[in-house]
Amino acid sequence: MDYIDPHIHMVSRTTDDYERLARCGCRAVSEPAFWSGFNRASAEGFRDYFLQLTEFEPTRARRYGIRHYCWLCINPKQAEDPGLAREVMALIPEYLDRPNVLGIGEIGLNRNSKNELVVLEEQIALALRHDQLILVHTPHLEDKLKGTKLILDALDDQGVRPERALIDHVEEHTVQMVLERGYWAGMTLYPDTKCTPQRAVDILEVHGTERLCLNSAGDWGPSDPLAVPKAMQEMRRREHPVERLRQVFYANPHAFLSQSPRFRA
Ligand SMILES: [Zn+2]
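Residues numbered from 1 in each chain as written. Predicted model: local features only at pLDDT ≥ 70, side-chain atom pairs only at ≥ 80, totals over all residues.

Here we come to the nonpolar core. In terms of nonpolar packing, the biggest core is built from 76 residues, with Ile134 and Ile167 touching the most fellow members. Each residue touching Ile134, except ones within four places of it in the same chain, is listed here: Gly103, Ile104, Gly105, Ile107, Ile124, Ala127, Val160, Arg164 and Ala165. (Core = buried A, V, L, I, M, F, W, Y, C linked by C-beta atoms within 7 Å. Buried ≥ 20, exposed ≤ 12 C-beta atoms within 10 Å, placed from the backbone. Contact = placed C-beta atoms within 7 Å.)

A word on the pairing of strand 8 (residues 212-215). Burial along strand 8 is two-sided: the residues Leu212 and Leu214 and Cys213 and Asn215 are all buried. Inspection of the sheet shows strand 7 (residues 184-188) paired to strand 8 by four bridges, in the parallel sense. By the bridge assignment for strand 8, Gly186 is matched with Cys213. (Helix = DSSP H or I, 4+ residues; strand = E, 2+ residues; numbered from the N terminus. Pairing = 2+ DSSP bridges.)

With 14 residues, helix 5 (residues 144-157) extends 20 Å from end C-alpha to end C-alpha; this agrees with the ideal 20 Å at 1.5 Å per step. Within the sequence span of helix 5, burial applies to Gly147, Thr148, Ile151, Leu152 and Leu155. Down the axis of helix 5, the buried set is contained in an arc of 130°. They therefore lie on one face. In helix 5, those exposed residues whose orientation departs by more than 90 degrees from the buried face are Lys146, Asp153 and Asp157. Packed against the buried residues of helix 5 are strand 4 (101-108), helix 4 (114-129), strand 5 (133-137), strand 6 (165-168) and helix 6 (175-180). Among the residues trailing helix 5, Gly159 stands out with phi positive, at a value near 75°. (Expected span 1.5 Å × (residues − 1). Arc of directions from axis to C-beta.)

Okay, structure coming up:
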């Protein structure tokens, strides 16, 4: 069955992974800008990264019949340096017109620090100024609940229309708050932290399928680029009807991402 992975970091993956994704039915991927495991020393380093996301990756994906889209931002971890963050934010508008750019992301919080919050607010303002969709990273483990609340308040305070933002890495204790406030929610399937395919399907069974997406967030750390088709298998095993599978794995991400006129799948 065709599917879309709305959050995967293909810069960290091999070309073999594109082939495996294609074999499992992946039609499109969306790749947020993130912390690649090391600090980029200057804004020029981010320029190279944005070129990789907007030129190299879509070309690599196309060979396997996969459409590659991306999001641009300074990641929450390096937002701890507001000077650097502002230099990077100043570069972003140059790249927003590129054919595979869907919006600003993954912005958000890492340790819920003051600097991170200031930069988050400035990146939300940047997205609004340029009429861009927003993709949000929520903090890990113990910081997640507080961080998610801070992020939702920051989005609401600036008047972001909730249907224009997806709040990612939700878990059992944050999913309801995100959906109740009208935002899209993303569940990340990680082998150790975040959701397993079983937990994610449990969440879908409790909260329904509206405005929920699943992603692999495959990156340079322990992660599984095929986590989305594995969750699909788990839903099949539990005998969910095929229309529900199609909604979760294709129609939902398609509906969110299609709010950008650039997205086609
Ligand atoms: Zn990510």
